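Here are the chains, one letter per residue:
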Amino acid sequence: MQATRIIAIRHGETAWNVDTRIQGHLDIPLNDTGLWQARRVGAALADEPVAAIYTSDLQRARVTAQAVADTTGAPLTLETGLRERGFGHFEGRTFGEIEAELPDEARRWRQREPDYAPAGGESLTTLRTRIAQTVHRLAARHTGEQMVLVAHGGVLDALYRLATGQDTQSPRTWHLGNAAINRLLWTPDGLTLVGWGDVGHLEAGARDELHS
């Protein structure tokens, strides 16, 4: 059975990552560190055979993906199915503000209730389904090839859980570093994990946040 090799990358750092401010679907740009990280990941993948690059349409992912496209020459396609989880009225607030202003909702969020969604946002169940369907659709186009996905912390978390068979409520013990290189294998039966959290191309450690 032919497989598709996947390189999955979280976008470079933004000022809101540093501030622990929830971005969700808000279109926040990379900061200077994030732009540097994008260039570094592009350089790291320059010699990889890449058939296609798919990226969230949000600029923090799109600019990171463009750096990879510039070095690999692979075609770049915007894919809204790779957007971050929609956080509704959490968006624009810091973790601390959510704890202080919306304590009951903060508790449900911390406990990773699968079907809980902030007002106007998505549940973890909805996110997991969206990512599974999107990756299946894209990877099926590239059997026998390698593709790059550039997305967000919540998307990468969902990919890791899908590849390792962990449910949405399992405590996270893996990193979601900005501009880290993560490798998976797709077949029609699903995803498997090949390698995770490679930051050797980053001279300074990639920032790790729960949510992008």
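Further up the page is the structure itself.
Bear in mind that the values here come from a model prediction, so they are computed numbers and not experimental data.

(A) Structural detail: the overall build of the protein chain. Looking only at helices and strands, one finds 7 helices and 6 strands in the protein chain. Seen in sequence order, the protein chain has helices and strands lined up from the N terminus as β-α-α-β-α-β-α-α-α-β-α-β-β. In terms of C-alpha radius of gyration, the protein chain reaches 16 Å, essentially the compact-globule figure of 17 Å for 212 residues. Sorting the 212 residues of the protein chain into buried and exposed places 50% on the buried side.

(B) Representation of the pattern of salt bridges in the model. Applying the stated criterion across every chain yields a total of 11 salt bridges. One salt bridge connects Asp 157 with Arg 161, and the closest N-O pair in it is separated by 2.7 Å. Taken as a pair, Asp 157 and Arg 161 lie in helix 7 (residues 153–164) at a separation of 4 residues, close to a single helical turn. Arg 161 gets classed as buried once you look at its relative accessible area, which sits at 1%. Within the structure, one salt-bridge network assembled from shared partners comprises Arg 107, Arg 108 and Glu 113.

(C) Local environment of the nonpolar core. One finds Ile 6 and Leu 149 to be the most contacted residues of the largest nonpolar core, which totals 24 residues. Where this core is concerned, the elements lending two or more residues are strand 1 (4–10), strand 2 (52–55), helix 6 (124–139), strand 4 (146–151), helix 7 and strand 5 (181–187). With 6 residues, helix 7 is the single largest residue contributor to this core. Residues contacting Ile 6, with those up to four places away along its chain left out, are Val 135, Ala 139, Met 147, Leu 149, Asn 182, Arg 183, Leu 184, Trp 186 and Leu 191. Counting 14 residues, the second largest nonpolar core, distinct from the first, contains Ile 9, Ile 53, Ala 69 and Ile 181.

(D) Up close: the pairing of strand 1. Of all 7 residues in strand 1, 6 are buried; the element is thus mostly enclosed. Pairing of strand 1 with strand 5 involves 6 bridges; the strand directions are antiparallel. From the neighbouring strand, Ile 6 faces strand 5, where its bridge partner is Leu 184. Bridge count for strand 1 against strand 4 is 6 bridges, and the pairing is parallel. Looking at strand 4, one finds that Ile 9 is bridged to Val 150.

(E) Representation of the side chain of Gln 146. Inspection of the secondary structure assignment puts Gln 146 in strand 4. Engagement of the side chain of Gln 146 in a polar contact is seen with the side chain of Glu 48, the distance being 3.0 Å. For Gln 146, the side chain forms a polar contact with the main-chain oxygen of Pro 49, separated by 2.9 Å. In contact with Gln 146, other than residues within four places in its own chain, are Arg 5, Ile 7, Glu 48, Pro 49, Val 50, Ala 51, Ala 52 and Arg 183.

(F) Inspection of the packing of aromatic side chains at higher detail. Per the counting criterion, the structure on display carries 5 aromatic pairs. Relative to Trp 174, the ring of Tyr 160 lies with its centre 4.1 Å away and its plane at 15°, an arrangement referred to as stacked. Taken as a pair, Tyr 160 in helix 7 and Trp 174 in the loop between helix 7 and strand 5 lie far apart in primary sequence, 14 residues in all. Here the two residues Tyr 160 and Trp 174 agree in accessibility, since each one is buried. Taking the centre distance of 4.9 Å and the plane angle of 75° together, the rings of Tyr 160 and Trp 196 count as edge-to-face. Within this pair, whereas Tyr 160 is found in helix 7, its partner Trp 196 is found in strand 6 (residues 190–198), the two being separated by 36 residues in sequence. Through successive ring pairs, a cluster of aromatic residues spans Phe 87, Phe 90, Phe 95 and Trp 109. Looking at Arg 21, its charged tip hangs above the ring of Trp 16, at a distance of 6.0 Å from the centre.

Reading the values: rules and limits
Residues numbered from 1 in each chain as written. Predicted model: local features only at pLDDT ≥ 70, side-chain atom pairs only at ≥ 80, totals over all residues. Heavy atoms only, no water. Helix = DSSP H or I, 4+ residues; strand = E, 2+ residues; numbered from the N terminus. Rg over C-alpha atoms; globule rule 2.2 N^0.38 Å. Buried < 20%, exposed > 50% of the residue type's maximum accessible area, 1.4 Å probe, protein only. Salt bridge = Lys/Arg side-chain N within 4 Å of Asp/Glu carboxyl O. Core = buried A, V, L, I, M, F, W, Y, C linked by side-chain atoms within 4.5 Å. Contact = heavy atoms within 4.5 Å. Pairing = 2+ DSSP bridges. Polar contact = N/O pair within 3.5 Å; in protein donor to acceptor, adjacent residues only side chain to side chain. Phe/Tyr/Trp six-rings, centres within 6.5 Å; stacked < 30°, edge-to-face > 60°. Lys NZ or Arg CZ within 6 Å of the ring centre and 35° of its normal.

Everything listed here is a matter of coordinates, which is why it stays silent on function.
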